[in-house]
Amino acid sequence: MTTTTDLTQLTGDYALDVAHTRLGFVARHAMVTKVRGAFNEFEGTARIDGADPRNSSVNIVIKTASVDTRNEQRDGHLRTNDFFEIETYPEITFASTAIDQSDETTFKVTGDLTIKDVTKPVSFELEFTGAATDPFGNQRVGFDGSLQINRKDWNVTWNAPLEAGGVLVSEKVTLEFEISAIKQA
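Residues numbered from 1 in each chain as written. Predicted model: local features only at pLDDT ≥ 70, side-chain atom pairs only at ≥ 80, totals over all residues. Heavy atoms only, no water.

Colleague: Quick rundown of the pairing of strand β8 (residues 106-115)? Include the residues and the values.
Modeller: Where burial is concerned, most of β8 is hidden: eight out of the ten residues are buried. Pairing of strand β7 (residues 91-103) with β8 involves nine bridges; the strand directions are antiparallel. Bridged to I99 within β8 is V109. Here β7 folds back onto β8, and the loop between the two strands holds two residues. In textbook terms, the turn of a hairpin is the stretch between consecutive antiparallel strands, and for β8 and strand β9 (residues 118-133) this stretch comprises two residues, one of which, K116, has a positive phi near 55 degrees. (Buried < 20%, exposed > 50% of the residue type's maximum accessible area, 1.4 Å probe, protein only. Helix = DSSP H or I, 4+ residues; strand = E, 2+ residues; numbered from the N terminus. Pairing = 2+ DSSP bridges.)

Written as structure tokens, this is what we have:
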């Protein structure tokens, strides 16, 4: 196994390794705790230009029906019209519009996030966590990052008031990315 921070060696096309990638989220529940979940079905590609990261790009498609919070009843509710409306909006997409290198291992990714046919620009930091050749000869890269959004901006607005004040589900949701990608070419 080798690791590198020489980004020029990483130039190429990559596919997300779904088995080793987590696209998750965290939201406050009942104002006192956090609920964590993830999407289990997605695909994504990246073009890495190690010599000039500004020429890099990322595209991800997430199947909304694959939402998983480890609670069947909650997952069922998230699939309804109260939240993701999976029959009408089966996918969440992200397409980068700019990638800038902030420092040796950090990149600012800007792009269009589409949820329920609402597209809005977002920006977040991705940290390069390393590159390695796995035991099967695949060249892998890893990145971690997160982004806080207000779900109401994407028309995910359902909520319920609490007796003591506040609401059942926070408007602010943190999206979490733990990415492993395999070089294709």
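Here the narrative resumes, following the displayed structure.
Colleague: Lay out the confidence of the model for the chain in plain terms, naming residues and giving numbers.
Modeller: Of the residues in the chain, 88% have a pLDDT of 70 or more, and the chain-wide mean is 90. Put simply, strand β2 (residues 22-29) is where the chain has its lowest mean pLDDT, 88, and strand β5 (residues 57-63) is where it has its highest, 98. (pLDDT = per-residue confidence, 0-100.)

Colleague: Tell me about a negative patch on the surface, residues and numbers included.
Modeller: Judged by side-chain charge, D103, E104, E125, E127, D144 and E178 come together as a negatively charged surface patch. If you trace the backbone, E127 turns up in strand β9. (Patch = residues over 30% accessible without salt bridge, like charges linked within 9 Å, V, L, I, M, F, W, Y side chains within 5 Å. Areas by Shrake-Rupley, 256 points an atom, 1.4 Å probe, with all protein chains shown as cover. Salt bridge = Lys/Arg side-chain N within 4 Å of Asp/Glu carboxyl O. Lys, Arg positive; Asp, Glu negative; His and termini not counted. Charge placed at Lys NZ, Arg CZ, Asp CG, Glu CD.)

Colleague: How would you explain the packing of aromatic side chains if you had to name every residue and give the values?
Modeller: One pass over the full model with this rule turns up six aromatic pairs. With a centroid separation of 5.5 Å and an interplanar angle of 55 degrees, the aromatic rings of F128 and F143 are classed as tilted. With a gap of 15 residues between them, F128 in strand β9 and F143 in strand β10 (residues 139-150) connect regions that are remote in the sequence. The exposure class assigned to F128 is buried, which follows from its relative accessible area of 3%. One aromatic cluster is present, formed by F25, F39 and F84 through successive ring pairs. (Phe/Tyr/Trp six-rings, centres within 6.5 Å; stacked < 30°, edge-to-face > 60°.)

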